[in-house]
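Descriptive analysis of the structure
Chain residues, written in single-letter form:
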Amino acid sequence: MKVSYHGHSVVKIVTDGKEILIDPFITGNGNTDLKVENESPDFILLTHGHGDHVGDTVQLAKKKDALVIAMVELANYLSWQGVKTHGMNIGGSYEFEFGKVKFTQAFHSTGVETWEQTIIYTGMPAGLLITIEGKTIYHAGDTSLFFDMKLIGERHPIDLAFLPIGDNFTMGPEDAAYAAKLLHAKTVVPIHYNTFPVIKQDPGRFINLLEDGNGKVLQPGETIEL
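Residues numbered from 1 in each chain as written. Predicted model: local features only at pLDDT ≥ 70, side-chain atom pairs only at ≥ 80, totals over all residues. Heavy atoms only, no water.

Of regular secondary structure, the chain possesses 6 helices and 15 strands. Rg of the C-alpha trace for the chain: 16 Å, near the compact-globule value of 17 Å for 226 residues, within the 12% margin. Each principal axis of the C-alpha atoms in the chain carries an extent, and together these give about 45 × 40 × 30 Å. Across the 226 residues that make up the chain, the buried fraction comes to 55%. Surface accessibility of the chain: about 9,900 Å² in total, with carbon and sulfur atoms responsible for 49%. Within the chain, the 28 negative side-chain charges are centred at a point lying 5 Å from the centre of the 18 positive side-chain charges. (Helix = DSSP H or I, 4+ residues; strand = E, 2+ residues; numbered from the N terminus. Rg over C-alpha atoms; globule rule 2.2 N^0.38 Å. Buried < 20%, exposed > 50% of the residue type's maximum accessible area, 1.4 Å probe, protein only. Areas by Shrake-Rupley, 256 points an atom, 1.4 Å probe, with all protein chains shown as cover. Lys, Arg positive; Asp, Glu negative; His and termini not counted. Charge placed at Lys NZ, Arg CZ, Asp CG, Glu CD.)

Here it is as structure tokens:
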């Protein structure tokens, strides 16, 4: 299984000939190496309804009828746009063709902003626990630090964790480093930073804050094999 990072919170998993994209914010993402016209995922996983996470989901999903897995309100909203979806909720898990997905809590906000200057509620924000080929990946989505991350780590031995470090909208480096301590993941990768000036961070500083020395900065397009 190959897991690659593509700027902001975009993660790609390739396993058994299937391609999974998490939070495919490509158009407007100055830090990604991906191009919408080159991507044809089989599955799309979404943490929440903000535009810098839903991104190009609709266009990408329609390419080859990809299944979009998201919180039930967001899944319903996307289904109205002609996308095939599977709605879930916090604490629930489901076995898909590629592996198991469980939605965890995250502390953040969520919603789609329309041209009519209204906000459409798209369900609670979430993190993702993805178990494939006996390995578990945790994508925290957008979240603050919360102590139940300890419970997540205790109940789900995590091989690879993606944690936001940008501050302002999510955890900053210090809180994310404490989150890593609670999770006890084998490898921790920082995400959701440097895309916009307000979330500019030095990922190397975050790595140096990790007590277990288990951090790795991935450049857009760089891959980890599990």
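Next up on the list: the side chain of H8. On the secondary structure map, H8 appears in the loop between strand 1 (2–5) and strand 2 (11–15). Exposure remark for H8: the relative accessible area of 0% places this residue in the buried category. In this structure the side chain of H8 is engaged in a polar contact, spanning 2.8 Å, whose partner is the side chain of D52. When neighbours within four sequence positions are excluded, H8 is seen to be in contact with F25, N29, D52, H53, I191, H192, T195, F196 and I199. (Polar contact = N/O pair within 3.5 Å; in protein donor to acceptor, adjacent residues only side chain to side chain. Contact = heavy atoms within 4.5 Å.)

As a further point, take the packing of aromatic side chains. Tallied over the full model, the rule gives 5 aromatic pairs. For the ring pair F25 and F196, a centre distance of 6.4 Å and an interplane angle of 40° mean the geometry is tilted. Within this pair, whereas F25 is found in the loop between strand 3 (18–22) and strand 4 (43–45), its partner F196 is found in the loop between strand 14 (187–191) and helix 6 (203–209), the two being separated by 171 residues in sequence. Through successive ring pairs, a cluster of aromatic residues spans F43, Y94, F96 and F98. (Phe/Tyr/Trp six-rings, centres within 6.5 Å; stacked < 30°, edge-to-face > 60°.)

This paragraph deals with the pattern of salt bridges. Tallied over the full model, the rule gives 9 salt bridges. Of the charged contacts, one joins E211 and K181 as a salt bridge, the two residues approaching to 3.8 Å between their closest N and O atoms. With E211 in the loop between helix 6 and strand 15 (223–225) and K181 in helix 5 (residues 173–183), the pair connects residues that are 30 residues apart, well separated along the chain. Taking relative accessible area as the criterion, E211 reaches 63% and is therefore assigned exposed. Assessed through its relative accessible area of 37%, K181 is described here as partly exposed. (Salt bridge = Lys/Arg side-chain N within 4 Å of Asp/Glu carboxyl O.)

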